[in-house]
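For reference, the chains in residue letters:
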Amino acid sequence: MAVQRFLNHIGGAWVAPTTGRYAPNVNPADHRDVIGEFPRSGAADVQAAAASAARGFAQWKRTPAPLRGDVLRRVGDLLAGRKEEIATLMTREMGKPLAETRGDVQEGIDTAYYAATEGRRLFGHTVPSELANKWAMSFRRPIGVAGLVTPFNFPLAIPTWKAFPALVCGNSVILKPAEDVPHTAHVLVEILLEAGLPPEVIQLVHGDGEAGQALVEHPGVPVISFTGSTETGSRVGETCGRLHKRLSLEMGGKNAQIVLDDADLELALEGVLWGAFGTTGQRCTATSRLILQAGIHDRFVTMLHDRAKALRLGDGRVAGTDVGPLIHEESREKVERYVGIAREEGASVALGGSRATAGALAHGTFFDPTILVGVAPTHRVAREEIFGPVLSVLRVGSAEEAFALNNDVAYGLSSSVYTRDVHVAFRAMQDLDNGITYVNAPTIGAEAHLPFGGVKQTGNGHREGGWEVYEFYSETKVGYVDYSGRLQRAQLDTYTS
């Protein structure tokens, strides 16, 4: 059977890349399964997309925001009607089980409906003027063309987090999805067009870092939103700073789940299994560190070992699969390398630690769920992001020590504490140096209507989701209306009649 060849969406049409280059998109659970060939675009494709997006912006910004919201509402309806289909193609493309990809689609649906309502809520402020017979107000305006660079682990949810608020605010969008998950992005753009989005308002440019760099550097793209590694994000930040672009960075994490002696251990166990091994550990919010108070340490490690050992690896479309593959071989090699580093630094492998290659697993990039014990705070596996199914266990004597250990890393995205003590719970929310803290819940589980993001090397202060993201994708403009019929000078004529 011939492999289907897909196209970019540029200038209101589906077009081939100017480079003439394509690359296969393969199922990470079975590399024999080729989904299609997708463009490897270059700077000329980005140039064409930016020119079209500028035309789309000129049209879209004049569309009333409630009507822009209506388009997103129709997108939500279309996503809901195709939820199972999209979840299945997403699992085939990036590997996580269907239960997770259904959640990914649901997050896109929720984000669409939330964005639709925000089309009627792009609030400004009306305030008293210091001068008589004068009106003072602020309001939100769109910025221009927004360039969105998205990762592989949430092929639908993260593009919708970025694109839907950008569109409701009146911007046009150029989407450059991760080269590992182009098919989901293709379907999303088809749905946006079907919902009635004007064709030049949305551009889809497939490709690798060459296309991403061209997008970040393009002078006609004043807004960049990037989700990816801290290393790449730093380079994006340097470029955007030099070009005076508005930039949102969402980068790495080294998230900890803290379990104290008074915790509900069964509840904490469910949390860490989901947090550490859901999405095969390939989440920026994944539980990468497990900080256990000494009183429950040994018992909890035994419980965790027994439950994690029973997790079933396989194709996420097969019923009963708990853990899917890593996204590609490079990722598996990285995970394998970090397990070796852990051993060299003195930690022990309590479970896993190797590739999973038995039977059908031989055709994918599977790695056994791995638990490292005897990890010290100075070990690299306790400080560096691995992005795989590897959990480092650390022992502490007190809540204070646990909080300090949580904070002693370069990242600050998510944290979790399990305790029955309400005083400790509220101290955790105050003292843990993260953008998100969960009490008696795992480090993953963000909701679409709340801001999402972190501190330190996790980001640059902006937030995805919730109400704050609409401020990122719009500018504040102040308007004054003086109906006094004479020159009034603010500050000089203040409070005069």
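Coordinates for the structure precede this section.
Residues numbered from 1 in each chain as written. Predicted model: local features only at pLDDT ≥ 70, side-chain atom pairs only at ≥ 80, totals over all residues. Heavy atoms only, no water.

### Focus: the environment of P128
Inspection of the secondary structure assignment puts P128 in strand β5 (residues 125-128). Between the C-alpha atom of P128 and that of A166, which follows or precedes it by 38 residues, the distance is 30 Å. (Helix = DSSP H or I, 4+ residues; strand = E, 2+ residues; numbered from the N terminus.)

### Considering the sheet that holds strand β14 (residues 348-351)
The 7 strands are arranged β14-β15-β16-β13-β12-β18-β19 in an open sheet whose pairing can be described as mixed. Each edge of the open sheet is held by one strand with a lone partner, namely β14 and β19 (436-439). Pairs of neighbouring strands in the sheet enclose a mean axial angle of 25°, with direction left out of account. Sheet analysis places strand β18 (residues 414-418) next to β19, joined by 4 bridges and oriented parallel. By the bridge assignment for β19, S414 is matched with I436. Against the sheet, helix α10 (residues 294-309) makes contact with β12 (255-259), β13 (287-293), β14, β15 (370-373) and β16 (390-396), and its axis sits at roughly 140° relative to β13, the strand it touches most. (Pairing = 2+ DSSP bridges. Axes fitted to C-alpha atoms, helices over the stretch in contact; angles between N-to-C directions. Contact = heavy atoms within 4.5 Å.)

### Focus: the pattern of salt bridges
Scanning the model with the defined rule gives 28 salt bridges in all. Two residues, R73 and D70, come together in a salt bridge whose shortest N-O distance is 2.7 Å. Here the residue R73 and the residue D70 both occupy positions in helix α2 (residues 65-81), the gap between them amounting to 3 residues, near one helical turn. Classification of D70 by relative accessible area gives partly exposed; the value is 23%. As a salt-bridge pair, E100 and R283 come within 3.7 Å of each other at their nearest N and O atoms. Here E100, found in helix α4 (residues 98-118), pairs with R283, found in the loop between α9 (265-277) and β13; they are 183 residues apart in sequence, far enough to count as distant. Comparing E100 with R283, the two get one shared label, buried. (Salt bridge = Lys/Arg side-chain N within 4 Å of Asp/Glu carboxyl O. Buried < 20%, exposed > 50% of the residue type's maximum accessible area, 1.4 Å probe, protein only.)

Such coordinate-based values are descriptive only and should not be taken to indicate function.
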